[in-house]
Amino acid sequence: MMETLSPLEILRWHVDMGADETIGEQTVDRFALIDSPAPDAAAAKPAPVSPRGAPAQAGAAVYPGPGPSEEMVKSAREIASQASDVDALHKALLAFDGCGLKKTATNLVFVDGDPAARLMLVGEAPGAQEDRQGLPFVGPSGELLNKMLASIGLARSAVLISNTVFWRPPGNRTPTRQESAICLPFMERLIELVAPDILVTLGGPATKALLGQSQGVGRLRGRWFAYQPHSATNPIDATVLIHPDYLLLTPTQKRATWQDLLMIKEKLSLAAKAAD
Ligand code: URA
C-alpha cells in the first residue's frame, strides 16, 4: 500500500536528498511530463559545474553551449549604450528580460562600492548569498576579497565590484556562452562609465569574457593587459587575480596573489601621481 506523505515530510525528504533551494515560483507536475517527447540528449545536457574560479584549462572553451543570436546581443548593446551613468545602467538591467538567468534568480546582482572608483574588480557570477542579498561578493569569497583589498590599504567601499553575469546561475553552474554574451554589453558599458585606472578580472571566466584570454589563470596572473573600451580612446590597464573561491580551496596560491596585489598597489599609486 502506498503511504501518503505530508507536505512537511516531502520537504524534509527533499532536504535530505540535498536540495538546498527552490528555483521556480510555479510547481511542475513531473508525472504529466512523462508522456511528453524526450528532449534531445545533447541539448538537455546540463552546463558543467566547477568550483567557481577554478583555473580554466589552457585553450578550453570557458563557456559551454551555443552563443546568442547577433540580434539579441545588438539589442542588449543598444539598451546598455543608452545608459548615461551607473544608476541608469542599473535601472536598464532591472528592466531587461533578455537573460534567462533572471527567471531563476531572486535578485539582480549589479555592483557594490564606489561608481567613481579607480579600481574595478569583476568576478564570474553571483552565488547563493549574493543572490539573496542582491550584492556581489558577500559570501565567504567576498570576505576573503575584502581582506585582500585591506592588505593593500583599500576599503571595499573605495573600489567597484561586479560580475560578468548579473544573476545567479542555478546551482552555481558556470554561465553558458549565451548568458555571458548577453550580459557582456552591460559590463562593457559599466567599465566605460566607471572608467577605472585599473581593471582586475577574478578567475578564468571573467578573464576570458573581458580580456579574451583563455589560458589558465596561473599563466596570466602577474602581467598587465590593455583593456580597450568601445568608446574611449585610452586603454585601461588590466590584470588577472586568482579567484578568491579558488584561493579558499588552495591557500598555497595566496603567496602569488600577495605579489599580484602589491603589483596592483604600485600601479594605483603611479596612476594617482600621474593624475595630480
Ligand atoms: N563568486 C563570484 O564570482 N562572484 C560573486 O559575486 C561571488 C562569488
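Below you will find a few notes about this structure.

Relative to the 16 Å expected for twelve residues at 1.5 Å per residue, helix H4 (residues 70–81) spans 16 Å between its end C-alpha atoms, a close match to the ideal helical length. Inspection of H4 places Val73, Ala76 and Ala80 among the buried residues, and these make up the whole buried set. Viewed along the axis of H4, the buried residues span an arc of 60 degrees, placing them on a single side of the element. Opposite the packed face of H4, turned more than 90 degrees from it, sit the exposed residues Glu70, Glu71 and Lys74. Elements in contact with the buried residues of H4: helix H5 (86–95) and helix H9 (177–194).

Our next topic: the site of the ligand. The full set close to the ligand counts twelve residues, and Glu124, Ala125, Phe137, Asn163 and His243 are the nearest of them. Here an oxygen atom of the ligand and a backbone polar atom of Phe137 are 2.9 Å apart. At 2.8 Å, a side-chain N or O of His243 approaches an oxygen atom of the ligand. For the ligand, the protein covers 97% of the area, taking 240 Å² as the surface of the free molecule.

Attention shifts here to the sheet that holds strand E5 (residues 225–227). Paired through backbone hydrogen bonds, the strands of a sheet run either parallel or antiparallel to each other. One open sheet holds the six strands; their spatial order is E1-E3-E2-E4-E6-E5, and the pairing between them is mixed. Since the sheet does not close on itself, it has two edges, and those belong to strand E1 (112–113) and E5, each with one partner. Summarising the sheet, strand E4 (residues 198–202) and strand E6 (residues 236–241) pair through five bridges and their orientation is parallel. Within the sheet, the bridge partner assigned to Ile198 lies in E6 and is Asp237. On the sheet, helix H13 (residues 254–275) packs against strand E2 (119–123), E4 and E6 and is oriented at approximately 165 degrees with respect to E6.

Next up on the list: the nonpolar core. Core analysis: the largest hydrophobic core is formed by 61 residues, its most contacted members being Leu119, Trp167 and Leu190. Ranked by the residues each element gives to this core, the list is headed by H9, at eight residues. Here Leu190 is in contact with Val86, Leu89, Phe110, Val111, Met120, Leu160 and Ser162, once residues within four sequence places are set aside.

On to unusual backbone geometry. The phi torsion at Phe137 lies on the positive side, around 50 degrees, for a residue other than glycine. As for its placement among the helices and strands, Phe137 is situated in the loop between helix H7 (128–133) and helix H8 (140–151). In the Ramachandran plot, Asn172 falls in the positive-phi region, its phi being about 65 degrees despite a non-glycine side chain. By the element assignment, Asn172 lies in the loop between strand E3 (160–163) and H9. Taking the relative accessible area as the measure of exposure, Asn172 reaches 29% and is therefore partly exposed.

Basis of the calculations
Residues numbered from 1 in each chain as written. Predicted model: local features only at pLDDT ≥ 70, side-chain atom pairs only at ≥ 80, totals over all residues. Heavy atoms only, no water. Helix = DSSP H or I, 4+ residues; strand = E, 2+ residues; numbered from the N terminus. Expected span 1.5 Å × (residues − 1). Buried < 20%, exposed > 50% of the residue type's maximum accessible area, 1.4 Å probe, protein only. Arc of directions from axis to C-beta. Contact = heavy atoms within 4.5 Å. Near = heavy atom within 4 Å. Polar contact = N/O pair within 3.5 Å; in protein donor to acceptor, adjacent residues only side chain to side chain. Areas by Shrake-Rupley, 256 points an atom, 1.4 Å probe, with all protein chains shown as cover. Pairing = 2+ DSSP bridges. Axes fitted to C-alpha atoms, helices over the stretch in contact; angles between N-to-C directions. Core = buried A, V, L, I, M, F, W, Y, C linked by side-chain atoms within 4.5 Å.

By themselves, these figures tell us nothing about what the structure is for.
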